Amino acid sequence: MVDVTEKEMDNPTFKSDTVLSDVHLHCPNKRHLMVRLNAVGQPVFLSYFKLLWNTEDSASKKQVREATTEREHQYRSGDELCDKDRNNLKERELSSEGIEALLDDDGDLEVVRRPRSASGLEEEDLLRDRVYPVILMKGEEDAFEDEEQECTCSDVVKIEHTMATPLEDVGKQVWRAAFLLADYVLFKRDTFRCHSVLELGGGTGITSIIMGTIAKRVYCTDVGEDLLAMCEQNVALNKHLMEPGRGEVKVKELDWLKDEFCTDPEAPYSWSEEEIADLHDHCTVIMAADVFYDDDLTDALFRTLYRITHNLRNSCTVYLALEKRLNFTLRHMDVTCEAYSHFRNTLNDLENLQDRKMKYTVEPIKLDFCQFLVYERIEQL
């Protein structure tokens, strides 16, 4: 993984000890304007993520099909442009007078350029239009007032996030597995309706926010006051999605390295006794996205998962989304995915656990469901 520390937006400096956001990777040449600096001096950006169909209860199967058709059309657009260019080139080649027509006066090969009307720039612009990236800068809100008004509708999620962080701050970025899990939530909305949900390692909160449009209550948890403040800000930015009667998202601290919930009343994101009781009495869904990148944290997460599920009154389904990240390691002198392998081994241990009170079963989910957010659904997800 590579990342960028942005001292000046026009002159990014690459460093090896940081990682780069999937949002930035999806549109690396897009102009990004930051809205503020966070508590540790990292640039914070605001992105708009448009749903490909309306998430209102009245949405029908016809709307889902139309959304899928629209997405497929968007993905085909680039190919259609390329096909058109190839046809134009073939026509020009056929109309030329033999091989000599492709050589200049000195006998060098003369390369036939693409027509300007169907250039790669236009193709790139088509792809960018699907992303809804950062557009606001603090102090320049008036310049984007119209866009801000357009993005308060029920099919746009607004998320503050960073583009580049050290490994310990990757929760402040937006990752593909969070999009994937959010897609599944929207696809299976009836499955989650009116449920009480816990998210582990919620990060920027994008998955919890989308879940909050469907579920009764979502506890979005992570660790670090700066990260939790960003998450809480994102929940506030998306109040328009969670109108009265829909659901609520509560941002709470949950440290996997500790055996108990934080109940210190002086801590800003601590739990009340009533909230802990509500979680234990009503939670039926636990979810986590892209949190398996460090072996020690993976072990800590499974310990936390075991402890929480043992205290739940009802049976619970856990949804885990992740991306297999391949890396070359000197230990193996080969491309491996050690973090994923450790995750699978730990998951197998949980499934094979002999416990008289609890039984865990594991079932993979096929990724052939509709895509409602725009990102690259790569085979490693």
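The structure contained in this document is the topic of the report that follows. These numbers were taken from a predicted model, which means no experiment stands behind them.

**Here we look at the packing of helix α10 (residues 295-310) against helix α11 (residues 338-351)**
Stage number 1. Close contact between α10 and α11 brings their axes to 10 Å; oriented N to C, the two are set at 25 degrees. One element, α10, and the other, α11, form an angle in the roughly parallel class. Between α10 and α11 lies a crossing of right-handed hand. Of the residues in α11, those in contact with Asp295, Thr298, Asp299, Phe302, Leu305 and Tyr306 of α10 are Glu338, Ala339, His342, Phe343, Thr346, Leu347 and Leu350.
Stage number 2. Among the residues making up the contact of α10 with α11, the classes are represented as 7 nonpolar, 3 polar and 3 charged.

**Re the sheet that holds strand β4 (residues 34-37)**
Stage number 1. Pairing in this open sheet of 3 strands is antiparallel, and the strands run β4-β5-β6 from one edge to the other. With one partner strand each, in any of the chains shown, β4 and β6 (156-161) form the two edges of the open sheet. Each strand of the sheet is rotated relative to its neighbour by a mean of 25 degrees, with strand direction disregarded.
Stage number 2. The sheet contact formed by β4 and strand β5 (residues 43-50) spans 3 bridges and is antiparallel. The partner of Met34 across the bridge, within β5, is Phe45.
Stage number 3. With respect to the sheet, helix α8 (residues 225-237) is in contact with β4, β5 and β6, its orientation differing from that of β6 by roughly 160 degrees.

**A short note on unusual backbone geometry**
Stage number 1. Unlike most non-glycine residues, Cys194 shows phi in positive territory, near 70 degrees.
Stage number 2. Within the secondary structure layout, Cys194 lies in the loop between α6 (189-192) and β8 (196-199).
Stage number 3. By relative accessible area, Cys194 is classed as exposed at 59%.
Stage number 4. If you check the backbone angles, Asp290 has positive phi at about 50 degrees while not being a glycine.
Stage number 5. Topologically, Asp290 is positioned in the loop between β11 (283-289) and α10.

**A word on the packing of aromatic side chains**
Stage number 1. All told, the structure shown has 13 aromatic pairs when counted by the stated rule.
Stage number 2. Where Phe179 meets Tyr375, the ring centres are 5.4 Å apart and the plane angle is 20 degrees; that geometry is what we call stacked. In this pair, Phe179 is assigned in helix α5 (residues 176-187) and Tyr375 in the segment after α11, connecting sequence segments 196 residues apart.
Stage number 3. A residue is classified by how much of its surface remains accessible, and Tyr375, at 2% relative accessible area, is buried.
Stage number 4. Arranged with centres 5.7 Å apart and planes meeting at 45 degrees, the rings of Tyr184 and Tyr319 form a pair that is tilted. Separated by 135 residues along the polypeptide, Tyr184 in helix α5 and Tyr319 in strand β12 (residues 317-321) bring together distant segments of the chain. The pair formed by Tyr184 and Tyr319 is uniform in burial state, with each residue classed as buried.
Stage number 5. Aromatic ring contacts, followed pair by pair, group Tyr184, Phe187, Phe192, Tyr319 and Phe369 into a single cluster.
Stage number 6. Above the plane of the ring of Phe261 lies Arg307, whose end atom (NZ or CZ) is 5.7 Å from the centre.
Stage number 7. One residue, Arg377, lies across the ring of Phe369, its end atom 4.5 Å from the ring centre.

**Describing the pairing of strand β9 (residues 217-222)**
Stage number 1. Counting buried residues along β9, 6 of its 6 residues qualify, which places the element largely inside the surrounding structure.
Stage number 2. Side chains Arg217, Tyr219 and Thr221 project from β9 onto one buried face, and the interleaved Val218, Cys220 and Asp222 project onto a second face that is buried too.
Stage number 3. Two strands pair when backbone bridges link them, and β8 and β9 are joined in this way by 4 bridges, in the parallel orientation. Along β9, the bridge assignment pairs Glu199 with Cys220.
Stage number 4. Note on the crossover from β8 through helix α7 (residues 206-212) to β9: the handedness is right-handed.

**Section: the environment of Thr191**
Stage number 1. Mapping Thr191 onto the fold places it in helix α6.
Stage number 2. Considering only alpha carbons, one finds Thr191 and Ala215, 24 residues apart in sequence, at a separation of 9.3 Å.

Rules used throughout
Residues numbered from 1 in each chain as written. Predicted model: local features only at pLDDT ≥ 70, side-chain atom pairs only at ≥ 80, totals over all residues. Heavy atoms only, no water. Axes fitted to C-alpha atoms, helices over the stretch in contact; angles between N-to-C directions. Helix = DSSP H or I, 4+ residues; strand = E, 2+ residues; numbered from the N terminus. Parallel < 35°, antiparallel > 145°, perpendicular 65-115°, else oblique. Left-handed = near helix turned anticlockwise from the far one by under 90°. Contact = heavy atoms within 4.5 Å. Nonpolar A, V, L, I, M, F, W, Y, C, P; charged D, E, K, R; others polar. Pairing = 2+ DSSP bridges. Buried < 20%, exposed > 50% of the residue type's maximum accessible area, 1.4 Å probe, protein only. Phe/Tyr/Trp six-rings, centres within 6.5 Å; stacked < 30°, edge-to-face > 60°. Lys NZ or Arg CZ within 6 Å of the ring centre and 35° of its normal. Right-handed = clockwise from strand over helix to strand, strands pointing away.

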